[in-house]
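Structure assessment
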2 protein chains.
Amino acid sequence: MALLLSYPRRHPSIHLLILSAYALFLLPILDGLELGGDGLYREILRDETVLRLKELGKISDGEGYLERTFLSPASIRASAVIISWMKDAGLTTWIDQMGNIHGRFEPTNSTKEALLIGSHMDTVIDAGMYDGALGIISAISALKVLKVTGRLQRLTRPVEVIAFSDEEGVRFQTTFLGSAAVAGTLPESILQVSDKSGTTVQDVLKLNSLEGTANALGEVRYSPESVGSYVEVHIEQGPVLEALRYPLGVVKGIAGQTRLKVIINGSQGHAGTVPMKLRRDPMVAAAELVLTLETLCKEPNKFLTYDEECGCFTEESLAGLVCTVGELLTWPSASNVIPGQVNFTVDIRAMDDKVRETIVTSFSRLVLQRCDDRLVDCAVEQKHAAAATPCDAELTSRLERATRSTISSMAAGVRRAGGETPVLMSGAGHDAMAMARLTKVGMLFVRCRGGVSHSPEESVMDDDVWAAGLALVNFIDQNAVDAAAATAAES
Amino acid sequence: MALLLSYPRRHPSIHLLILSAYALFLLPILDGLELGGDGLYREILRDETVLRLKELGKISDGEGYLERTFLSPASIRASAVIISWMKDAGLTTWIDQMGNIHGRFEPTNSTKEALLIGSHMDTVIDAGMYDGALGIISAISALKVLKVTGRLQRLTRPVEVIAFSDEEGVRFQTTFLGSAAVAGTLPESILQVSDKSGTTVQDVLKLNSLEGTANALGEVRYSPESVGSYVEVHIEQGPVLEALRYPLGVVKGIAGQTRLKVIINGSQGHAGTVPMKLRRDPMVAAAELVLTLETLCKEPNKFLTYDEECGCFTEESLAGLVCTVGELLTWPSASNVIPGQVNFTVDIRAMDDKVRETIVTSFSRLVLQRCDDRLVDCAVEQKHAAAATPCDAELTSRLERATRSTISSMAAGVRRAGGETPVLMSGAGHDAMAMARLTKVGMLFVRCRGGVSHSPEESVMDDDVWAAGLALVNFIDQNAVDAAAATAAES
């Protein structure tokens, strides 16, 4: 090696020869590698994106677990970090009156409707670091690739990334606050909804120097004419892609969702003195109803009869039916006191709205029956309901095309099975449900280990994060970049 | 009337006649009435006692509901008030190293063991104002009657009122901290038990300028030789006296008690995406176990078989069996998340210790079985266990005698049925259980409306409060006052 290095000193022309070879061949390769010249952009779409996911995953209000709710202290810290990444990708940024963060690239004299790409920055309690965050960061990374490869300027339409301030609804028990505001479907009454401590949505907005008025909410709204489509990347939160050994899948539609709160009042009393037969115990009534809900959703045919409710249900329409009691509260919550009140949440989802509505009605009727039997007083409150949302077929096929070209171009390291890109239904609700009220929506699911989500066990392989980012780059390339100009610039 | 008043002016001797009649007859009656000369002491044992119950019932850590736990800020305020009432009754007062409040009258040169009368000053959450407080205040009022009638000095033995600092065990989930310390059965390890916020018993003691050391605990202990007996007045917290239309009843014994904590771990996940059949849901497992416990305790014969467990149980031994789930906690407690963990408390009581132990074993076995079926991991922790406590027969008959003389002397206003003083078993645990480890114990139950307790609905008629105080006065008179000296002083 020392020989090689010493040789040029004696023959200057050779020196020139080496430099030009370096300029002609090695530099582009290194540059490409450095910038993903192989068209895969590993450093941005994989390594940097994973680092950013970990960084955002540590910004939490919880001690030792991830929790970031609507406009909480951790959410404010997260906003600043997300804005810096958006700027790094060459986007113009702002925060709207609902705390959503926007990063947009506006091509000069483009009259076309914008392509919006987004997901949510809030989390459930004790969350994983991919749910919501993956959709935001992979969108920013995709646009950073376009920036560093000079393609941002050749966009034919505005492209905007939105980090929605609330989707999970943990703090105010109403979901999609961020995206519903952008879609213009958020009722003014939302401002007076309060959390467990009695603080209202309006209070929180004002605390964070946002107006918190009906007018201000109106300003958040996008006009349908200004938006061409909305695309969201999100972890599958289910076991299908892993079972198919496929990193990505497109989404046919999102299940409809109903949230109830069941409140049971009995007679509070001393655990030691009230004989079992004289009790009006809301705890055992709640237990019976939790089991009733499980049976209703595991074997719906046992409860849904043809004539009375809605007619027979096809196996397929019942397939996606899931029911969950995620929170139960006892009052006064002491081991030696028969509770006076127990309330619990109910979350019912189905692909078929008719199935869901029938289950809600059947369950509500069973609640009242069982409570009568047990001489306790029950009420069923509906907290939230959203119809099933079909994704746009055309948009979904474009996402499918982008996925196909991604998978075929990916390095062997991305384990994948042969065959078509999987098409799935989403049991989880997503901001796309709210955005579907504004524009055409499409979703791209990313494989996650064991289908586990809403849990610190939530996990996505780095290569799959890479694949998701690349699919977005390809999708934008194929749908929002002036192909002719792009080819001219590269030849 | 005017005539009467003007007459004496003209005839002075008449004047003298009236004054002496006044002195001889009217004054004692007025005085007696004022001091209960009818031997009923209405002002002290009824009116003042009820006022004090209401005053203590307002000293709370809860906003809009009564909650006063071990050495909480409200407990410290309550201590000062109780001490002032003890002093008002002529007692010498002090606070021991476990926060119990003592008020004692030490007759000169008495060598007899002390008569202790007490109950607890802490409450459950959202409590009633009689549970515990009635036993303290009626004891103080009874001694005040002895003081104002000059009988305190003729006591033949020391009489001491104790307000125990913790009986309900709400804060540290271990009961009888106060009385167990006096009885000398509190293990040193108790100092390291912590509450939900991680604060230990030791921390709380030190925060309230108590030593919080094992030695200091040792000092709280009474030597058996120094104590003759312990008597406790307490609301029945059950429906029997009301059904019998009797204000007071004596207690044959206190049910044994076991407290368990059941912890269930499943797999936390997204409510929308994990199919019902793939779930390991701790919430539905907990619901199933809550119902299992109810059935086990409503129809124990279905579960307890002769050969395996303990042999057949008599109807009577099963009679007092009660089981309660008072507190259930879900984690992470969000409506759109299948919980990762659910834990709940179990409170099992029975008059017959063999029955209780068999129920605890059967339930624990059923927990593991059902959890296996549901593929969740379960653990059953025993938090507390106390054997059934028989009351002392001799002491109970003396209480019964005092009750009989009380009822027969009471004004017609105290509605009562004919017949014997009722004899009851107590399903609720009381400080007498702990004190039974130190000395002979006896209890006096007081009727309460609907048998409701551990609830703001808890209610005792003022006349029944009066009867309880009077029964204590009669009991002390009959057992701790020098009868000869008393009669000589009164003739």
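These numbers were taken from a predicted model, which means no experiment stands behind them.

1. Looking at the state of the cysteines
All names here are of chain A. The final tally for this structure, using the stated rule, is four disulfides over all chains. Two residues, Cys297 and Cys323, share a disulfide whose sulfurs are 1.8 Å apart. Residues Cys297 and Cys323 share a disulfide whose torsion about the S-S bond is about -75°; that sign makes it left-handed. On the criterion of sequence distance, the pair formed by Cys297 in helix α10 (residues 282-298) and Cys323 in strand β9 (residues 322-324) is long-range, its members being 26 residues apart. By relative accessible area, Cys323 is classed as buried at 5%. Bridging Cys371 to Cys378, the disulfide has an S-S length of 1.9 Å. Here the S-S torsion is close to -80°, and the disulfide linking Cys371 with Cys378 is therefore left-handed. Taking relative accessible area as the criterion, Cys378 reaches 19% and is therefore assigned buried. Looking at chain A, its bonded cysteines, counted consecutively from the start of the sequence, adopt the pairing 1-2, 3-4. Left unpaired, Cys448 is separated from the closest cysteine sulfur, that of Cys391, by 17 Å. Of the residues examined, Cys448 reaches a relative accessible area of 1% and is grouped as buried.

2. Observations regarding the UniProt feature "binding site: Mn(2+) 1" in chain A
All names here are of chain A. According to UniProt, the feature "binding site: Mn(2+) 1" maps to His120, Asp131 and His234 in the numbering used here. The greatest C-alpha distance among the annotated residues, which extend across 115 residues, is 9.7 Å, indicating that they converge on a single site. You can see His120 is positioned in strand β3 (residues 114-120). Every residue in contact with His120, bar those within four places of it in the chain, is listed here: Asp131, Gly132, Ala133, Ile136, Phe164, Glu167, Glu168, His234 and Asp431. Of note is the side chain of His120, whose polar atom sits 3.0 Å from the side chain of Asp131. Considering the arrangement of structural elements, one finds His234 in strand β5 (residues 227-235). Beyond its immediate sequence surroundings of up to four residues, His234 is in contact with Ser119, His120, Asp131, Gly132, His430, Met443, Leu444, Phe445 and Val446. At 3.5 Å, the side chain of His234 and the side chain of His120 are in polar contact.

3. Examining the interface of chain A and chain B
Interface size is commonly expressed as the accessible area that is lost once the parts come together. Each side of the interface is counted separately: chain A has 63 residues, and chain B has 63 residues. Linking chain A with chain B are two salt bridges, by the criterion used here. As a salt-bridge pair, Glu294 of chain B and Arg374 of chain A come within 2.8 Å of each other at their nearest N and O atoms. The tally of links from chain A across to chain B stands at 25 residue pairs in polar contact (both at pLDDT 80 or more).

Conventions used here
Residues numbered from 1 in each chain as written. Chains lettered and ligands numbered in written order. Predicted model: local features only at pLDDT ≥ 70, side-chain atom pairs only at ≥ 80, totals over all residues. Heavy atoms only, no water. Disulfide = S-S within 2.5 Å. Helix = DSSP H or I, 4+ residues; strand = E, 2+ residues; numbered from the N terminus. Buried < 20%, exposed > 50% of the residue type's maximum accessible area, 1.4 Å probe, protein only. UniProt positions renumbered as here; feature names shortened; annotations may be inferred. Contact = heavy atoms within 4.5 Å. Polar contact = N/O pair within 3.5 Å; in protein donor to acceptor, adjacent residues only side chain to side chain. Salt bridge = Lys/Arg side-chain N within 4 Å of Asp/Glu carboxyl O.

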